[in-house]
Amino acid sequence: MDIAYSPCPNDTFVFDAWAHGRVPGAPPLDVTFADIDVTNGMAERGEGTVLKVSYAVLPWVLDEYALLPCGGALGRGCGPLVLTRAGDSVGGGDGGTAKPEGLAGRTVAVPSERSTAYLLFRLWAADRVPGGVGEVVVMPFHEIMPAVRDGVVDAGLVIHEARFTYQDYGLVKLADMGEHWEETTGLPIPLGAIIAKRSLGVEALRRLADSARASVRMAWDDPEASRPYVREHAQEMDPSVADRHIGLYVNEFTADLGPDGYAAVRGLLTRAAAEGLVPPIAPGALDFPATA
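Described below are features of the structure shown in this document. (Residues numbered from 1 in each chain as written. Predicted model: local features only at pLDDT ≥ 70, side-chain atom pairs only at ≥ 80, totals over all residues. Heavy atoms only, no water.)

## Side note on the overall build of the protein chain
Each helix and strand counted, the protein chain has 12 helices and 11 strands in total. At 19 Å, the protein chain has a C-alpha radius of gyration in line with the 19 Å of a compact globule built from 292 residues. When the 292 residues of the protein chain are sorted by exposure, 57% land in the buried category. Only carbon and sulfur atoms are counted for the fraction: they give 49% of the accessible area of the protein chain, which is about 12,100 Å². For the protein chain, the distance from the average site of its 24 positive side-chain charges to the average site of its 39 negative ones is 3 Å. (Helix = DSSP H or I, 4+ residues; strand = E, 2+ residues; numbered from the N terminus. Rg over C-alpha atoms; globule rule 2.2 N^0.38 Å. Buried < 20%, exposed > 50% of the residue type's maximum accessible area, 1.4 Å probe, protein only. Areas by Shrake-Rupley, 256 points an atom, 1.4 Å probe, with all protein chains shown as cover. Lys, Arg positive; Asp, Glu negative; His and termini not counted. Charge placed at Lys NZ, Arg CZ, Asp CG, Glu CD.)

## Comments concerning the packing of aromatic side chains
On inspection of all chains with the given rule, the structure shows five aromatic pairs. Between Phe 15 and Trp 18, the aromatic rings sit 6.1 Å apart at their centres with planes inclined by 35°, giving tilted as the arrangement. Taken together, the residues Phe 15 and Trp 18, both in helix 1 (residues 9–19) and three residues apart, mark about one turn of the helix. By the burial criterion, Phe 15 is buried, and Trp 18 matches it. Summarising the aromatic geometry, the rings of Phe 33 and Tyr 229 are spaced 6.1 Å apart at their centres and angled 55° between planes, so their arrangement reads as tilted. Linking Phe 33 in strand 2 (residues 30–33) with Tyr 229 in helix 9 (residues 223–233), this pair joins segments that are 196 residues apart in sequence. Among the residues examined, Phe 33 registers a relative accessible area of 31% and is labelled partly exposed. Aromatic rings pair up to connect Tyr 5, Phe 15, Trp 18, Phe 33 and Tyr 229 into one cluster. One Lys or Arg, Arg 114, reaches over the ring of Trp 60 and ends 3.7 Å from the middle of that ring. (Phe/Tyr/Trp six-rings, centres within 6.5 Å; stacked < 30°, edge-to-face > 60°. Lys NZ or Arg CZ within 6 Å of the ring centre and 35° of its normal.)

## Some points on the sheet that holds strand 8 (residues 136–138)
Strand order across the open sheet formed by five strands is 8-7-9-6-10, with mixed pairing between neighbours. The open sheet is flanked by strand 8 and strand 10 (171–176), the only strands paired with a single partner. The average undirected angle you get between the axes of adjacent strands in this sheet is 30°. For strand 7 (residues 108–110) and strand 8, the ladder comprises three bridges, and the chain directions are parallel. Bridged to Ala 109 within strand 8 is Val 137. Lying over the sheet, helix 7 (residues 177–185) contacts strand 6 (81–85), strand 9 (155–158) and strand 10, oriented at roughly 20° with respect to strand 10. (Pairing = 2+ DSSP bridges. Axes fitted to C-alpha atoms, helices over the stretch in contact; angles between N-to-C directions. Contact = heavy atoms within 4.5 Å.)

## Some words on the side chain of Asn 40
Among the structural elements, Asn 40 can be located in helix 2 (residues 36–44). Leaving out residues up to four positions away in the same chain, Asn 40 has contacts with Val 53, Ser 54, Val 57 and Arg 114.

## Some thoughts on the pairing of strand 3 (residues 50–54)
With five of five residues buried, strand 3 is to be regarded as a mostly interior element. With two bridges joining them, strand 1 (residues 2–5) and strand 3 adopt parallel strand pairing. Bridging across to strand 3, Ile 3 finds its partner in Val 50. Sheet topology note: the strand 3/strand 11 (residues 189–197) ladder contains five bridges and is antiparallel. Residue pairing in the sheet places Ser 54 in a bridge with Gly 192 of strand 11.

## Thoughts on the pattern of salt bridges
All told, the structure shown has 14 salt bridges when counted by the stated rule. With a closest N to O distance of 2.4 Å, Arg 22 and Asp 16 form a salt bridge. Given the relative accessible area of 3%, Asp 16 is considered buried. The salt bridge partner of Arg 106 is Asp 154, with a shortest N-O separation of 3.5 Å. Taken as a pair, Arg 106 in the loop between strand 6 and strand 7 and Asp 154 in the loop between helix 5 (141–149) and strand 9 lie far apart in primary sequence, 48 residues in all. With relative accessibility at 18%, the residue Asp 154 sits in the buried group. One connected set of salt bridges, linked through shared partners, spans Asp 210, Arg 213 and Asp 256. (Salt bridge = Lys/Arg side-chain N within 4 Å of Asp/Glu carboxyl O.)

## Here's the deal with the side chain of Lys 197
Structurally, Lys 197 can be placed in strand 11. Reaching out from Lys 197, the side chain makes a polar contact with the side chain of Glu 64 at a distance of 3.5 Å. Ignoring anything within four residues of it in the chain, the contact list for Lys 197 reads Gly 46, Gly 48, Thr 49, Glu 64, Tyr 65 and Leu 205. (Polar contact = N/O pair within 3.5 Å; in protein donor to acceptor, adjacent residues only side chain to side chain.)

## Thoughts on the nonpolar core
Ranked by size, the top nonpolar core spans 87 residues in total, and within it Tyr 55, Leu 58, Val 82, Leu 103, Phe 121 and Trp 124 carry the most contacts. Take this core: its biggest share by element is eight residues, from helix 4 (residues 116–128). (Core = buried A, V, L, I, M, F, W, Y, C linked by side-chain atoms within 4.5 Å.)

Next comes the structure, spelled out in structure tokens:
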């Protein structure tokens, strides 16, 4: 079974047992590592059988792919951040505190326009930035903090481990998109989803979901077993940052979306559609077991 997911610690932690044949009855995996903007594009082109994608891309792919109810990333206190330089006018350079209105008309770097982070950012800006932001520039997420630090852009939208390292770049937090989402909805933050081709059929989709759920639970039962796989693909990430990353993004919603998880996904996509950011999804399109 071909699958594509990121080399980030949460994904390697979740899929370690399955990828290494330790989940009884699970189909063997042929793993491709790719950043989520790559897997989003694969899904839009119908490439790949099982993919980790952003929830934001679902409106474009749900005709061909089914959402699995486990294996993805939702949570609380784990949303994207908007960062700016300490000491400039956006970041409170006049001695005051950085405020969202300082972003009006400014240039902002984002990791993708097909990302949940981008949808959360646009929903936040619609509420908090009078007149709206200025130019939005798409760049690889690992380039965003250096670009903000060096003055290439006024602010940047960051994800993942950047939550733990942005101070190293002399940056300050302007706003937390997750805090805004949780305050306005009371729901967890939907970030990354696991999807699979509907053409596999209902029984195969159920088997995939069972395998993903079992892999998550095996990782929790024996966290040390996954460490070599996590470290192998975490590149230069400090092990303590990798552990915090896993702790933040792998939680009860990874094992099962549940009512709150589904409500969060529907809420995000409904709000985004109302703002004209994504197409509306059909009733029942998120349901599982899916209709093949």
